[in-house]
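Now for the letters of each chain:
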Amino acid sequence: MKEFFFSALALAALAVPASAITVTSPANGAQVTSPFNLVASTSTCASKPAVSMGYSIDAGQAIIAPTSFSAMVAASEGTHVLHVKCWGQQVNAQVLLNITVVPASSGTNITVAAPANGATVASPFNLVASATSCNSAPAVSMGYSIDHGAAVIEPTSFSAMAAASPGVHVLHVKCWGQKTNAEQPLNITVLQPTAATPAFLPASGKYSAPQFVTLSAATPSTTIYYTTNGSAPTTASPQYTGPVSITKSATIQAMAVAPGYKSSGLARADYVITSNPPSIPANAVRVSQVQTLPTWQMHHDSATGGTSDGSMTPVSDPSLSGEAAQFTTSFTDWGGELYSTDYATDPNSTNFLYDAEVWIEAGSTIGNLEMDNNQVISNGDTVIYAFQCAGDTNTWDYSENAGTRQAPVVKWIESDQPCNPENWTPNAWHHVQISYSRDDVGNVTYNGVWLDGVEAPINATVPSAFSLRWAAGDLMANFQVDGSGASGSSTLYLDNLTIYRW
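First, a word on scope: everything that follows refers to the structure included in this document.

About the cut-offs
- Residues numbered from 1 in each chain as written.
- Predicted model: local features only at pLDDT ≥ 70, side-chain atom pairs only at ≥ 80, totals over all residues.
- Heavy atoms only, no water.
- Buried < 20%, exposed > 50% of the residue type's maximum accessible area, 1.4 Å probe, protein only.
- Helix = DSSP H or I, 4+ residues; strand = E, 2+ residues; numbered from the N terminus.
- Pairing = 2+ DSSP bridges.
- Axes fitted to C-alpha atoms, helices over the stretch in contact; angles between N-to-C directions.
- Phe/Tyr/Trp six-rings, centres within 6.5 Å; stacked < 30°, edge-to-face > 60°.

## Comments concerning the pairing of strand 12 (residues 125-130)
Only one face of strand 12 is buried: it carries Phe125, Leu127 and Ala129, and the other face, with Asn126, Val128 and Ser130, is open. Pairing geometry for strand 10 (residues 111-114) and strand 12, over three bridges, is antiparallel. Residue pairing across strands places Thr111 opposite Ser130, the latter belonging to strand 12. Note: strand 12 against strand 17 (residues 157-162), six bridges, orientation antiparallel. The partner of Phe125 across the bridge, within strand 17, is Ala162.

## Details of the sheet that holds strand 3 (residues 36-41)
Taken together, the three strands give an open sheet; going across it, the order is 1-3-7, and neighbouring strands pair in antiparallel fashion. Strands with a single pairing partner mark the edges of an open sheet, and in this sheet they are strand 1 (22-25) and strand 7 (68-73). When strand polarity is set aside, the average angle formed by the axes of neighbouring strands in this sheet is 25°. In terms of strand pairing, strand 1 meets strand 3 through three bridges, oriented antiparallel.

## Some points on the packing of aromatic side chains
A complete count under the given rule lists 16 aromatic pairs for this structure. With centroids separated by 5.9 Å and ring planes inclined at 70°, the aromatic side chains of Trp296 and Phe327 adopt a geometry described as edge-to-face. With a gap of 31 residues between them, Trp296 in the loop between strand 27 (285-287) and strand 28 (297-300) and Phe327 in strand 30 (residues 324-332) connect regions that are remote in the sequence. Classification of Trp296 as buried rests on a relative accessible area of 10%. Ring centres 5.5 Å apart and planes at 65° place the aromatic pair Trp359 and Trp429 in the edge-to-face group. Taken as a pair, Trp359 in strand 32 (residues 351-360) and Trp429 in strand 38 (residues 429-438) lie far apart in primary sequence, 70 residues in all. This pair shows no difference in class: Trp359 is buried, exactly as Trp429 is. Linked through ring pairs, Phe352, Tyr385, Phe387, Trp396, Tyr398, Tyr436 and Tyr446 together constitute an aromatic cluster.

This is the structure we're talking about:
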């Protein structure tokens, strides 16, 4: 009859009016010792706001509790139906749970120091237990299992890290003696772990030069998402794949996502980039608005792959001076288009500053953006000051003559300063200033480059003299646009191109 009564009550749970009662512990079907921890809550009762909650064992008197509660409940050994109830205005509802109260045998002294019955833990959690007797026999060993899993064997006093999936579980702490065994069940709730918050290197701070910022997270198999525009990142934000180039003051915010973990907290690092403008002496000769000269020529740079085709058109919009030049380039297989013009004659100047405003139209495909100056010096050699923002290396690069003057070999060298034209804000003017100097035989020192007022020191000296038999004293400015990938096009604008020399 008792079994029939139990089954009837369990079936009755199917007809209970809809409610939002949540029972955190014990789980339905759990084995518990008396007293056991009952944790429950609700906000609605039969679709109306809940006013109170309560509970009873079998058909016993209900104990009234608030709409979120934790209570120690006593019950006799055996099988019971635990009624967890709610009341609202003129309504009530309940959920029914089958529980079995097992004896805490006087002959078994299993002591569980951690976790407590009804505890909420993270995985893995520390299980600390001991026993000297097991059903009145000396304890030989102990162990534990999660729900109905295989037992892990331990000595009669142990501390172990136990792992379990998120959710409600029964932790069975066991003992064995000669021809006997016993156990103490505990109800635990395992939280879903949170992924480790990303870390930044270098740390947030004030710097006098652009930085490459590395993001990392300690959780295995982490994917990091980040922003640099001040907004909070989501899984739709850029995914971190390598160091982030910070060429001007910016805030990086990042979050980590990993399988089996909740998303990490938000990490933030503020980078303030400061610098001094390039120094230009009062006696410097200045050639302004070089982009307006009628002598510009264009052709495919055979040192690049594929093909290219370009055109140059004067425009007043977008423009800062009202006299900008539009460069429209198409390419295949990483081809580069070289735009160049003679702008003066001077074999003697040894210091130069290439100063320009550059606008990259949205949708442009750019591999490298090269801004050069060439000078035929008094001994007849041509000194090439070649400098570029390189998308293939993500750095500012400069060239050298790795051969001889008569048999030159142009070689590009990566600096340690970050730059990638695809990272420049599109449809906006960017101020570029490149400073370099030479000695009497054509060794060039690249001093530094400023992008939007932020200095990237280079401080590198390389041989860069070529016996090219160009016209004596000729000064030539270059502006080259290289493609990226199999094919594509770009539209750039150049304004206020000014070259200083002294």
